[in-house]
Amino acid sequence: MWRDVRPDDLATISYTSGTTGSPKGVELSHANILAQLIGLAGSLPVGPQDRILSYLPAAHIADRVTAHYGAMVRGVQVTTLDDPTRLAAAMSDIRPTIVFGVPQVWQKTRSAIERGIDAHPSAPVRKISRWALTVGQRSANARIEEGRLGLWLRIRSRLADRLVLHRILRAVGMDAVRFAVSGAAPLSRDTFQFFHALGIPLTQVWGLTEAAGVCTTTSSATASARSVGVPLAGIDLRLGADGEIFVRGPAVMSGYHQDLANTYRAIDAEGWLRTGDLAEIDAAGAVRIVGRKSEMIITDEGDNISPAIIENSISAASFLIGHVMVIGEQRPYLTALITLDEEAIAADAQRAKVEPATLDVLCERPGVREAVAEAVRAANSTWYRGPSRSGDSYCSTMPGGSAVRKLHPNRACAAGRSSRTTLRKSSPSTISPHRARPSR
């Protein structure tokens, strides 16, 4: 029967998340999927010697392409993980050569490494570990900016890797990694630089289900925190008058399942797919994602702000933060609704030898609110580009135990003006620091 299958025959229907409306069934043919794998081979060549963990939802195209379709076509060894909360343990067991993760996975891995260093009982070990990370960062920057290392930096880099960095990678199961990929959301520069310092240049990809997954990618040699790289082989990409990305090529879907109206809205007569993402393209052809067209915030002064970039900056600044949502449409400031990571709060309490208590109680521990406020200040300092203005600051308790912190009400943030941060805890529940529950 398989001999009767033709390239244009339907291979799978992958449903979109429905964040901008009802979920739509994306019809992908065998030709679409093969075009995707052929395009990826140029930048991310993989084969039977490679190992990957399948832990993302198999309903989404990302896991199918990176793991299962890669196994079928390239012979990649796949280990399927039924419980994503066991990812850290599985990494140590499998020692994958390919790792794909959303930014939150990389941020949590970074936080776990940093907490491990800070919690080490030996002061000399902590000191030399921080020294090694600093050397690693300088070495990574030199390779990016100059293409090589000076003699003295090369010597220190080898020493740092031998004494610390390689041991860290081995401890988290990443010492065999050949390709480390981040996608699906913006990756913070701090997280990108942290892994680059460890010797893992994170590759960034951008794409969508309607184009079988990946449309642009950086490579290990061109890894950058600023862009998502250049189009894959076979992908044509252009920007509309408002900066929206349009793509065309053999990986683009045939249409939405039993939905001609949305298909016609998505794909024009010349085969260009409207992606809904806004971007800029530099002189080298690298694409920088500005934001989601439907999610852009326009302040009362007319500034256009991408909330996702700010949200990821705040999340990356503290391991205690679970989710962040930024709002500010037609307002003179931005407001961030922040929820805390239950697992991280419990782990933090365990290290401090705090007795098991409700989440509300653990969130009121000294330093928790201050850590979140510092994360917001760090995000403001990252994106703020204008002069600072004076402003008041207050902290009050809201019904249900939530807290509001007002920070620099007239201060700009990511081309807009930033101010209030709402810190909201989940509903009361008993959390044992000795047995933390997954937060999601």
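Parameters and conventions
- Residues numbered from 1 in each chain as written.
- Predicted model: local features only at pLDDT ≥ 70, side-chain atom pairs only at ≥ 80, totals over all residues.
- Heavy atoms only, no water.
- Phe/Tyr/Trp six-rings, centres within 6.5 Å; stacked < 30°, edge-to-face > 60°.
- Helix = DSSP H or I, 4+ residues; strand = E, 2+ residues; numbered from the N terminus.
- Buried < 20%, exposed > 50% of the residue type's maximum accessible area, 1.4 Å probe, protein only.
- Pairing = 2+ DSSP bridges.
- Salt bridge = Lys/Arg side-chain N within 4 Å of Asp/Glu carboxyl O.
- Polar contact = N/O pair within 3.5 Å; in protein donor to acceptor, adjacent residues only side chain to side chain.
- Contact = heavy atoms within 4.5 Å.
- Axes fitted to C-alpha atoms, helices over the stretch in contact; angles between N-to-C directions.
- Core = buried A, V, L, I, M, F, W, Y, C linked by side-chain atoms within 4.5 Å.
- Expected span 1.5 Å × (residues − 1).
- Bend = angle between axes of the 7 residues up to and from the residue.
- pLDDT = per-residue confidence, 0-100.

**Describing the packing of aromatic side chains**
At step 1: Under the counting rule described, the total for this entry stands at two aromatic pairs.
At step 2: Residues W106 and F195 carry aromatic rings whose centres are separated by 5.2 Å and whose planes lie at 80 degrees to one another, so their mutual orientation is edge-to-face. Here F195 lies in helix α7 (residues 189-198) and W106 lies in helix α4 (residues 103-118), a separation of 89 residues in the sequence.
At step 3: On the basis of relative accessible area, W106 is assigned to the buried category, the value being 1%.

**Considerations on unusual backbone geometry**
At step 1: Positive phi, normally seen in glycine, also occurs at R95, with a value near 50 degrees.
At step 2: Among the structural elements, R95 can be located in the loop between α3 (87-94) and β5 (98-101).
At step 3: If you check the backbone angles, A184 has positive phi at about 85 degrees while not being a glycine.
At step 4: Inspection of the secondary structure puts A184 in the loop between β6 (179-182) and α7.

**As for the pairing of strand β13 (residues 273-281)**
At step 1: Looking at chain direction, strand β11 (residues 244-248) and β13 are connected through three bridges and run antiparallel. Bridge pairing links F246 to R274 in β13.
At step 2: Taken together, the five bridges between β13 and strand β14 (residues 287-292) define a ladder with antiparallel strand orientation. When the bridges of β14 are listed, L278 appears paired with G291.

**Things to note about the pattern of salt bridges**
At step 1: Considering all chains together, one arrives at eleven salt bridges under this definition.
At step 2: A salt bridge links D82 to R86; the nearest nitrogen and oxygen atoms lie 3.8 Å apart.
At step 3: A relative accessible area of 70% means that D82 is categorised as exposed.
At step 4: A residue is classified by how much of its surface remains accessible, and R86, at 43% relative accessible area, is partly exposed.
At step 5: For R170, the salt bridge is made with D175, and the minimal N-O distance between the two is 3.0 Å.
At step 6: What makes R170 partly exposed here is its relative accessible area of 48%.

**Examining the sheet that holds strand β12 (residues 255-256)**
At step 1: Sheet architecture is open: three strands sit in the order β1-β2-β12, paired in antiparallel fashion. Two strands bound the open sheet, and with one partner strand each, they are β1 (10-15) and β12.
At step 2: Here strand β2 (residues 25-29) runs beside β12; their pairing, made up of two bridges, is antiparallel. Following the sheet pairing, E27 is matched in β12 by G255.

**Here we look at the side chain of T12**
At step 1: Its place among the elements puts T12 in strand β1.
At step 2: Judged by its relative accessible area of 11%, T12 is buried.
At step 3: In terms of polar contacts, T12 uses its side chain to reach the side chain of R64, at 2.3 Å.

**So, helix α9 (residues 307-317)**
At step 1: Burial analysis of α9 places ten of its eleven residues in the buried class, which makes it a mostly covered element.
At step 2: Considered for burial, the residues of α9 that qualify are P307, A308, I309, I310, E311, N312, S313, I314, S315 and A316.

**Details of the environment of H68**
At step 1: Among the secondary structure elements, H68 is positioned in helix α2 (residues 61-74).
At step 2: The spatial distance from the C-alpha of H68 to the C-alpha of T79 is 9.8 Å, given a sequence separation of eleven residues.

**Some details on the side chain of S227**
At step 1: Along the chain, the position of S227 falls in the loop between β8 (213-217) and β9 (230-231).
At step 2: Side-chain polar atoms of S227 contact the backbone nitrogen of G229, separated by 3.2 Å.
At step 3: Contacts of S227, omitting those with residues within four sequence positions, involve Q204, T218, A286, V287 and R288.

**Topic: the sheet that holds strand β10 (residues 236-239)**
At step 1: A sheet is described by the order of its strands in space; here four strands give the open sequence β10-β11-β13-β14, paired in antiparallel fashion. At either end of the open sheet lies a strand with only one pairing partner, and these are β10 and β14. Pairs of neighbouring strands in the sheet enclose a mean axial angle of 45 degrees, with direction left out of account.
At step 2: As paired elements, β10 and β11 share four bridges and run antiparallel to each other. Bridged to D236 within β11 is R248.

**Focus: the nonpolar core**
At step 1: Ranked by size, the top nonpolar core spans 69 residues in total, and within it L198, V247 and L273 carry the most contacts.
At step 2: A total of six residues in this core trace back to one element, the largest contributor, which is helix α6 (residues 151-171).
At step 3: If we ignore the near neighbours within four places in the chain, the residues touching L198 are I113, L133, L165, I168 and L169.
At step 4: Listed in part, the 23 residues of the second largest apolar core include I297, I321, V368 and V376.

**Description of α2**
At step 1: With 14 residues, α2 should reach 20 Å at 1.5 Å per residue; the first-to-last C-alpha distance of 17 Å falls well below that figure.
At step 2: Along α2, the sharpest kink reaches roughly 30 degrees, centred on H68.
At step 3: Along α2, the positions that sit buried rather than exposed are I61, D63, R64, V65, A67, Y69 and G70.
At step 4: Residues of α2 that are buried in the fold lie against β1, β2, α1 (30-43), β3 (51-54), β4 (77-80) and β8.

**Some words on the confidence of the model for the protein chain**
At step 1: Residues at a pLDDT of 70 or more form 83% of the protein chain, whose mean pLDDT is 78.
At step 2: Across residues 385-440, where pLDDT falls below 50, the model places 161 contacts with residues more than four positions away in sequence or in other chains.

**Comments concerning the environment of F195**
At step 1: In this structure F195 comes out as buried when scored by relative accessible area, which is 0%.
At step 2: As for F195 and Q107, which are separated by 88 residues in sequence, their C-alpha atoms are 9.9 Å apart.
At step 3: For F195, the contacting residues outside a window of four places in its chain are W106, T109, R110, M174, I200 and L202.

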